[in-house]
Amino acid sequence: MMTAAEIFTANAVGAGRRCDSDLCPASNPWPIHHVGNRAAFRRLCTACVLRHHRGFFCSVCLEILDSPPLSGGISASADVYRCLRCPSAVHSWCVPAGAAPNYVCPICEDPEGFPYFSVGGNANRPRRLMDAAEARALLSASRIAAASMNRAAAAARAEAERKAKQAVAASKMAREMLERAMLVSKRGKDGMKEKENRNDGMKENSSSGRINGVLKVKKKKKKKKKKMALSFQSGLP
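Residues numbered from 1 in each chain as written. Predicted model: local features only at pLDDT ≥ 70, side-chain atom pairs only at ≥ 80, totals over all residues. Heavy atoms only, no water.

Draft legend 1. Broad picture of the overall build of the protein. Check the secondary structure of the protein and you find 4 helices and 4 strands. In sequence order, the protein lays out its α and β elements as α-β-β-α-β-β-α-α. Here the protein holds 237 residues, and the buried ones make up 26% of them. (Helix = DSSP H or I, 4+ residues; strand = E, 2+ residues; numbered from the N terminus. Buried < 20%, exposed > 50% of the residue type's maximum accessible area, 1.4 Å probe, protein only.)

This is the structure:
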């Protein structure tokens, strides 16, 4: 089993891992956070999670803010200020003396030299143990990543429920259309059968009419012959 020092310093921990941020200078960063961003998911190192969510934590003490600042620079509680150059925020009690009206966060003052979290290591800063500030940075990044994944999970759940409702509605509509098609088909078959029966009846009536006509003609001829025979007999002496 590895000790805490070995976990935080061993190269094997971050071996083969990569931060999805194009601007990340870290090589084999540790740890990697899974961050949900709309419909996409990214794997970011601790420094990049904080760099991409500057308004969610104090840029000095790195603690998560209870309420992010408004666009005017000061939050509703007047306890949080905002950087003049970026969305970074800072507690009012963490602002250096005299800097509150024109506060500029550390990352804006030194974009290349301020790492947020350097335990992961890069070309200029090898891996080392965490100090208290970096532990707070790791905790804040983890909480930000977890919150983003919770939001992504809730959105995915809502989307799944929406699609499930659509599937139920589509299934019901398909069933109704199938029943309607079967009813139309049955009516069509009944109509064809009724027509066939009508045609058969008409044929029977026609044939019986012809037979009756023939019988009448024969009967008339027979009566005529009988009448002629009687007339001939009465004319004899």
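Right, picking up where we left off after that structure.
Draft legend 2. Seen up close, the pattern of salt bridges. Evaluation of the coordinates by the stated rule reveals 4 salt bridges. The structure contains a network of salt bridges with shared partners spanning Glu159, Arg162 and Lys163. (Salt bridge = Lys/Arg side-chain N within 4 Å of Asp/Glu carboxyl O.)

Draft legend 3. View of the nonpolar core. By size, the foremost hydrophobic cluster in this structure holds 33 residues, and its most contacted members are Leu50, Cys83, Cys105, Cys108 and Tyr116. Listing elements by their share of this core, those giving two or more residues are strand S2 (40-45), helix H2 (46-51), strand S4 (89-91), helix H3 (106-109) and helix H4 (132-234). By residue number, the principal contributor to this core is H4, which donates 5 residues. Those residues in contact with Leu50, other than ones at most four positions away along the chain, are Phe57, Tyr116, Ala137, Ser140, Ala141 and Ile144. (Core = buried A, V, L, I, M, F, W, Y, C linked by side-chain atoms within 4.5 Å. Contact = heavy atoms within 4.5 Å.)

Draft legend 4. Local environment of the side chain of His91. Residue placement: His91 occurs in strand S4. Since its relative accessible area comes to 10%, His91 is described here as buried. Discounting residues that sit within four places of it in the chain, His91 has contacts with Cys58, Cys61, Glu63, Leu65 and Asp79.

Taken by themselves, the reported measurements are silent on function.
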